[in-house]
Amino acid sequence: IAGIFGIVDKADAERRVSSMVRGLAHRGPDDEGFLIEQDIALGHRRLSIIDLSPAGHQPMRSDDGRYEIVYNGELYNFQQIKARLPDYPFRSRTDTEVILAA
């Protein structure tokens with residue numbers, strides 16, 4: 001379970017995103033994060049279930065830095081998909097990183 005959101009408007013983005021992250025604290029008490037880049041702001045509150053370590057922090061960036069993701073869901077077969085991606089240098093045990101790698 002998590003809380004995710006995004007805005008497309010940089011006007012006062014850091015204050016607005018910080019406020020939204022705090023407002024979703026009940027959706028995920030374990031971690032929070034946000035990204036502000038160009039005209040996009042993404043935020044995430046995390047309830048750690050699969051990977052309890054800080055490696056599951058979101059927004060999560062791909063190894064090559066090309067992609068960034070916030071995700072709230074459950075990919076039931078992520079272990080099977082992960083096994084098909086042996087060349088990706090996984091840093092976490094999360095389904096989110098498997099989506100990002102795929």
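Before reading on, note that the structure itself is shown above.
As the structure is a computational prediction, the values presented were derived from the model and not from experiment.

1. Focus on the pairing of strand S3 (residues 40–46)
Link 1 in the chain: Counting buried residues in S3 gives five out of seven residues, a clear majority hidden from the surface.
Link 2 in the chain: Taken together, the seven bridges between strand S2 (residues 31–37) and S3 define a ladder with antiparallel strand orientation. Residue pairing in the sheet places isoleucine 36 in a bridge with alanine 41 of S3.

2. Some points on helix H1 (residues 13–23)
Link 1 in the chain: For H1, the set of buried residues is Ala13, Val17, Ser18 and Val21. The arc enclosing the buried residues of H1, seen along the axis, measures out at 125°, which places them on a common side. For H1, the exposed residues set more than 90 degrees away from the buried face come down to Arg15 and Arg22.

The rules behind each value
Residues numbered from 1 in each chain as written. Predicted model: local features only at pLDDT ≥ 70, side-chain atom pairs only at ≥ 80, totals over all residues. Heavy atoms only, no water. Buried < 20%, exposed > 50% of the residue type's maximum accessible area, 1.4 Å probe, protein only. Helix = DSSP H or I, 4+ residues; strand = E, 2+ residues; numbered from the N terminus. Pairing = 2+ DSSP bridges. Arc of directions from axis to C-beta.

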